[in-house]
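# Structural description and commentary
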Amino acid sequence: MYRAARNLNRCAVSFDRLKLPVSMKRAVEILQAPPLNFELEWDLFGRKIIHFARHLPKPPTYRRGARLAEAPDTVDCSSFIWWLYSLMGIELERYSIDQRKQGSPVKVGNVHPGDLVFTTGSRHNHWNEDNPEMTIGHVALATDGGHVIHATRRGVVEEDVKTLLSRREFRDIRRVVPGDDDFFTFTTNPYWEVRGTLDIYRLILQNL
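In this report, we go over the structure that sits alongside the text. Owing to the predicted nature of the structure, the values given are computational and were not obtained by experimental measurement.

Quick look at unusual backbone geometry now. Each neighbour pair has its own omega, and for Pro 34 with Pro 35 the value is 5 degrees, a cis peptide bond. The omega angle of the peptide bond from Ala 71 to Pro 72 is 5 degrees, so this bond is cis rather than trans. Of note in the backbone geometry, Lys 19 takes a positive phi value of approximately 55 degrees without being a glycine. Within the element layout of this structure, Lys 19 appears in the loop between α1 (15–18) and α2 (24–32). The backbone of Asn 37 sits at a positive phi, close to 60 degrees, despite the residue not being glycine. Secondary-structure assignment places Asn 37 in the loop between α2 and β2 (39–42). A relative accessible area of 40% means that Asn 37 is categorised as partly exposed.

Here it is, written out as structure tokens:
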């Protein structure tokens, strides 16, 4: 289940995972109609999140440990990813080592746009919890054609993943959103408290 991005009043929904007693089309209609009045923002995760990553309001400043409230003007690698996912209605954890625990593992040959690629950090900028040989210090967003986009000391850059891995050691790939076919982002009505998709489930059932 997805957690709502509280700073934007947005929540992502996977209707198949909710197991509702109505069709996906009917569920969308219920959310958009009174009294809920949610706004459907988009339903193509991979294409949209890459669009946001490539078309930033202005070039961000990189600062390690940047505050979430500073994004997208000032970011580090994980706050940049956090901000992108928040636009899609998903609230990730703050740091790369914790973001790695979200979603499902993905094999190297099966990367989709929007997946998260984890590597070691630069210098001493990496951590581990159980295994000192599996430190995590950096996260990037998979785009297409074997590329990633990520926040670095050079700014937000898009490059071949092989270029990234020539400087850092690969650690993991995670998929937070299973696919585009059943993914929707809504801007929720502030009158209704929505903390995640379980609240969406409850509101749909109450308004059948």
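From this point, the narrative continues.
Next up on the list: the layout of surface pockets. Empty space within the largest pocket amounts to approximately 240 Å³. Along its surface, the largest pocket is lined by 16 residues, and Val 108, Val 111, Val 117, Gly 146 and Val 161 are the ones closest to its centre. Listed by contribution, the elements that provide at least two residues to the lining of the largest pocket are β8 (147–152), α6 (161–165) and β10 (170–175). Its residues assigned to classes, the lining of the largest pocket shows 10 nonpolar, five polar and one charged.

Thresholds, definitions, all that
- Residues numbered from 1 in each chain as written.
- Predicted model: local features only at pLDDT ≥ 70, side-chain atom pairs only at ≥ 80, totals over all residues.
- Heavy atoms only, no water.
- Helix = DSSP H or I, 4+ residues; strand = E, 2+ residues; numbered from the N terminus.
- Buried < 20%, exposed > 50% of the residue type's maximum accessible area, 1.4 Å probe, protein only.
- 1 Å grid on protein atoms, 1.4 Å probe; cavity = no way out; pocket = protein on both sides within 12 Å on 5 of 7 lines; lining within 4 Å.
- Points joined across faces, edges and corners; volume = space filled by probe spheres on them.
- Nonpolar A, V, L, I, M, F, W, Y, C, P; charged D, E, K, R; others polar.

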